[in-house]
Amino acid sequence: MFNRQAKKNPVEENKIRIYIYRKLAEREWGFENLLDKIRSNFSGNDLSQCRDILNEFAEDGSQSDHRYALSYVRQCRDTRGYGPIKVKAKLMEHKIASHVIDEVLHPNHAIWTLRAKEERMKKFKGLPDNAKEKAKQSRFLQQRGFSFSQINQSFDTDIDDAIEITLPEDEE
């Protein structure tokens, strides 16, 4: 006799859509991050309704985990000086799919090696004089999220000449 299914409130649904548009106009958002934001601001709504609305944005390309991850990698690499290991861990915390992370963490090892050298030079101003200083610089780069091979190559004085950098199509 009575329909016990929760009826969708079109006014509330429109508020959620407007909220999503505003958030996506500010910057790129990962799907799960944006869903968490919606949940915190519209706590009375059904989670599946919020997910359905957000799925529509993902399907039409307004929201993209790939674009978000690309943007996040650029920010971490270029402004924060993080290496690929730390960036991958951060993206996993943001609930980005591992295949998306692997796509955006550019496979060109040379970009990350050059970034490791730049970060080391910015902090220490030159090559280490002894093994203790080299270990200190290596630990610094390891904490920033660079791999051992990238760290070791960052001590190479001819690194700038030996590296050929090709950016992915998304970054050109």
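Residues numbered from 1 in each chain as written. Predicted model: local features only at pLDDT ≥ 70, side-chain atom pairs only at ≥ 80, totals over all residues. Heavy atoms only, no water.

A few words on the side chain of Q137. Mapping Q137 onto the fold places it in helix α8 (residues 131-144). Leave out the neighbours within four places in its chain, and Q137 touches R120, F124, G126, L127, P128 and F155. (Helix = DSSP H or I, 4+ residues; strand = E, 2+ residues; numbered from the N terminus. Contact = heavy atoms within 4.5 Å.)

It is at 10 Å that the axes of helix α2 (residues 31-41) and helix α3 (residues 47-59) come closest, and there the two elements cross at 135°. One element, α2, and the other, α3, form an angle in the oblique class. Our pair here, α2 against α3, has a crossing hand that is right-handed. Contacts between α2 and α3 involve F31, E32, L34, L35, I38 and R39 from the first element and L47, C50, R51, L54, N55 and A58 from the second. Of the residues in the contact of α2 with α3, the class split is eight nonpolar, one polar and three charged. (Axes fitted to C-alpha atoms, helices over the stretch in contact; angles between N-to-C directions. Parallel < 35°, antiparallel > 145°, perpendicular 65-115°, else oblique. Left-handed = near helix turned anticlockwise from the far one by under 90°. Nonpolar A, V, L, I, M, F, W, Y, C, P; charged D, E, K, R; others polar.)

In this section: the nonpolar core. Within the largest apolar cluster, 22 residues are counted, with the highest numbers of intra-cluster contacts made by V73, V87, L91 and I96. Here this core takes six residues from helix α4 (residues 65-80), the largest share from any one element. Residue contacts for V73: discarding those within four places in its chain leaves V87, L91, V104, L105 and W112. Counting residues in hydrophobic clusters, the runner-up holds 14 residues, among them I16, Y19, F42 and C50. (Core = buried A, V, L, I, M, F, W, Y, C linked by side-chain atoms within 4.5 Å. Buried < 20%, exposed > 50% of the residue type's maximum accessible area, 1.4 Å probe, protein only.)

Let us look at the confidence of the model for the protein. Per-residue confidence for the protein averages 85 on the pLDDT scale, and 83% of its residues sit at or above 70. Under a pLDDT of 50 for its full length, residues 1-6 has, in the predicted model, zero contacts with residues more than four places off or in other chains. When the criterion is pLDDT under 50, residues 161-166 qualifies, and its contacts beyond four places in sequence or with other chains add up to twelve contacts. (pLDDT = per-residue confidence, 0-100.)

Okay, the side chain of K23 next. Along the chain, K23 falls in helix α1 (residues 10-26). Aside from chain neighbours lying at most four places away, what touches K23 is W29, L34 and K37.

Take unusual backbone geometry next. Non-glycine residue K95 carries a positive phi angle of around 60°. Among the secondary structure elements, K95 is positioned in the loop between α5 (84-93) and α6 (98-104). The partly exposed category is assigned to K95, whose relative accessible area is 49%. Positive phi values are uncommon outside glycine, yet K125 reaches one of about 65°. With respect to the helices and strands, K125 occurs in the loop between α7 (109-124) and α8.

Our next topic: the packing of α4 against α5. The relative placement of two packed helices comes down to the angle between their axes together with the axis-to-axis distance. Relative to each other, α4 and α5 sit at 140°, their axes nearing to 10 Å. Here α5 runs oblique to α4, going by the angle between their axes. Considering how the two elements wind past one another, α4 and α5 form a crossing that is right-handed. Across from Y68, A69, Y72, V73 and C76 in α4, the residues of α5 making contact are V87, K90 and L91.

Overall, the coordinates contain twelve salt bridges when judged by the stated rule. Across the pair E32 and R51 runs a salt bridge, and its minimum N-O distance is 3.5 Å. On the criterion of sequence distance, the pair formed by E32 in helix α2 and R51 in helix α3 is long-range, its members being 19 residues apart. Exposure remark for E32: the relative accessible area of 19% places this residue in the buried category. (Salt bridge = Lys/Arg side-chain N within 4 Å of Asp/Glu carboxyl O.)

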